[in-house]
Amino acid sequence: MDENKNEESHNPEEKDINNEKINKEANIKDNLTTEEKENNFNSSESIKKDDNTNDLSSSCQMISEELAPYDMSFKLIIIGDSSVGKSSITARASKNIFENYYSATVGFEFFTLLYKVNTQNVIRLQIWDTCGQEEYRSLIQNFYRNASLAILVYSIDNKTSFDNLEVWLNEIKTKGNPDVRIFLVGNKNDLEEKREVSTEEGKKFSEEQNFSEFIETSAKSGNNVQELFKKAAVILYKDHAAYKEMANKTEKSIKIPISNEENYNILDKEEEDIVRKKKCCK
């Protein structure tokens, strides 16, 4: 009992010492200038912002609801020789399926993908899967216009499809938007034993042409297919954000010339009519 009393008798002194320390720390914090406090706050806020923007690919998620509202929409075209797997890539991306039999695309196929980027912005990718046959080449050239991104596909087991990239690239440059982004895709990387085009050759061509992205995929296994379209959503979102920031800085509305606006509206109407007719005929 005496020992307990002695311990209790010392407790008030210890409490006084602790209180003095706490008061000193509180005084130091109170003595911070308003500017220092604001700097501390701003630095913490900038970290949060950086976390949201530095690695957007990690915060880019596909949305399954086809009719979900979206904040911005971008047109993509997929081009390349016949039988390189363009339709297989789109089927894997949109339906997560792969069909072993080959069926050539007649004209084009159309579908959409939705992605949520940066946890709050919903991006719609309006994707036009074009045919690779020579007889339809003049038809699909109309769809090059106003595309924000072109996905140029070859097959790693077909050297001819790689050699023909120059032809497709020339069509993009002459028929398409001069500021179009271009992704180079080497498909069928599951056929490693039949490879005719090395990864290094694909990378070199992509770098020489200053493409925005080079990636090898396999529609059969699904390797890198979702990553391909995720990268497309992220880079187009960044382009849009940069454009918007530039417009805000100049405080001017940047408008497309009237002739292009007319072409754009006419083309959109033509595309919508074609899609509507194609859906009705199915």
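Just so you know, these numbers come straight off a predicted model, no measurement behind them.

### Re the overall build of the chain
Next, step 1: The helix and strand tally for the chain stands at 9 helices and 7 strands.
Next, step 2: Here the chain holds 282 residues, and the buried ones make up 34% of them.
Next, step 3: A fraction of 77% describes how many contacts in the chain between residues 6 or more apart in sequence connect residues 24 or more apart.
Next, step 4: Within the structure as shown, the chain displays about 17800 Å² of accessible surface, and the carbon and sulfur contribution to it stands at 47%.

### Let's talk about the packing of aromatic side chains
Next, step 1: Overall, the coordinates contain 4 aromatic pairs when judged by the stated rule.
Next, step 2: Arranged with centres 4.7 Å apart and planes meeting at 55 degrees, the rings of F110 and W128 form a pair that is tilted. Placement of F110 in strand 3 (residues 108-117) and of W128 in strand 4 (residues 121-130) is noted, with a sequence separation of 18 residues between them.
Next, step 3: Assessed through its relative accessible area of 1%, W128 is described here as buried.
Next, step 4: Among the aromatic residues, ring-to-ring pairing joins Y154, F162, F205 and F211 into one connected group.
Next, step 5: Lying across the ring of W128, K75 places its NZ or CZ 5.8 Å from the centre.

### Topic: the confidence of the model for the chain
Next, step 1: The pLDDT averaged across the chain works out to 75; a share of 61% of its residues lies at or above 70.
Next, step 2: This stretch, residues 1-10, has a pLDDT under 50; its non-local contacts, to residues over four places away or in other chains, come to 0 contacts.
Next, step 3: This model gives residues 25-54 a pLDDT under 50, and the stretch forms 4 contacts once residues within four places in sequence are excluded.

### Here we look at the nonpolar core
Next, step 1: Counting 31 residues, the largest nonpolar core has L76, L125, I151 and F229 as its most contacted members.
Next, step 2: Broken down by secondary-structure element, the contributors of at least two residues to this core are strand 2 (72-80), helix 3 (86-95), strand 3, strand 4, strand 5 (149-155), strand 6 (181-187) and helix 8 (225-250).
Next, step 3: The residues contacting I151, other than those within four sequence positions of it, are L76, I77, I78, I79, F183, V185, L228 and F229.

### A short note on the sheet that holds strand 3
Next, step 1: Spatial ordering of the open sheet is given by 1-3-4-2-5-6-7, a layout of 7 strands whose pairing is mixed. The open sheet is flanked by strand 1 (61-63) and strand 7 (213-216), the only strands paired with a single partner. For this sheet, the mean inter-axis angle between neighbouring strands, taken without regard to orientation, is 30 degrees.
Next, step 2: As paired strands, strand 2 and strand 5 are joined by 5 bridges and run parallel to one another. Pairing of I78 across the sheet is with I151, part of strand 5.
Next, step 3: Packed on one face of the sheet, helix 8 meets strand 1, strand 2, strand 3, strand 4, strand 5, strand 6 and strand 7 and runs near 130 degrees to strand 2.

### With respect to helix 8
Next, step 1: End to end, helix 8 covers 38 Å across 26 residues, agreeing with the expected 38 Å (1.5 Å per residue, within 8%).
Next, step 2: Where helix 8 is concerned, the buried positions are V225, L228, F229, A232, A233, V234, I235, L236, Y237 and A247.

### Quick notes on the pattern of salt bridges
As a working rule, side chains carrying opposite charge can pair if their charged atoms are close by.
Next, step 1: A complete count under the given rule lists 5 salt bridges for this structure.
Next, step 2: A salt bridge links E192 to R195, with the shortest nitrogen-to-oxygen separation between them at 3.0 Å.
Next, step 3: Residue classification places R195 among the partly exposed residues on the basis of a relative accessible area of 21%.
Next, step 4: The shortest N-O distance in the salt bridge between K231 and E213 comes to 3.7 Å. In this pair, K231 sits in helix 8 while E213 sits in strand 7, placing the two residues 18 residues apart along the sequence.
Next, step 5: You can call K231 partly exposed: its relative accessible area is 27%.
Next, step 6: A network of salt bridges, in which partner residues are shared, links E192, R195 and E216.

### Some remarks on the pairing of strand 5
Next, step 1: With 7 of its 7 residues buried, strand 5 lies for the most part within the structure.
Next, step 2: In this sheet, strand 6 lies alongside strand 5 in parallel orientation, the contact comprising 7 bridges. Residue I151 lies in a different strand from strand 6, and its bridge partner there is F183.

### Considerations on the environment of G222
Next, step 1: Its place among the elements puts G222 in the loop between strand 7 and helix 8.
Next, step 2: Counting along the chain gives 133 residues from G222 to I89, while the straight-line C-alpha distance between them is 8.2 Å.

What counts and how
Residues numbered from 1 in each chain as written. Predicted model: local features only at pLDDT ≥ 70, side-chain atom pairs only at ≥ 80, totals over all residues. Heavy atoms only, no water. Helix = DSSP H or I, 4+ residues; strand = E, 2+ residues; numbered from the N terminus. Buried < 20%, exposed > 50% of the residue type's maximum accessible area, 1.4 Å probe, protein only. Contact = heavy atoms within 4.5 Å. Areas by Shrake-Rupley, 256 points an atom, 1.4 Å probe, with all protein chains shown as cover. Phe/Tyr/Trp six-rings, centres within 6.5 Å; stacked < 30°, edge-to-face > 60°. Lys NZ or Arg CZ within 6 Å of the ring centre and 35° of its normal. pLDDT = per-residue confidence, 0-100. Core = buried A, V, L, I, M, F, W, Y, C linked by side-chain atoms within 4.5 Å. Pairing = 2+ DSSP bridges. Axes fitted to C-alpha atoms, helices over the stretch in contact; angles between N-to-C directions. Expected span 1.5 Å × (residues − 1). Salt bridge = Lys/Arg side-chain N within 4 Å of Asp/Glu carboxyl O.

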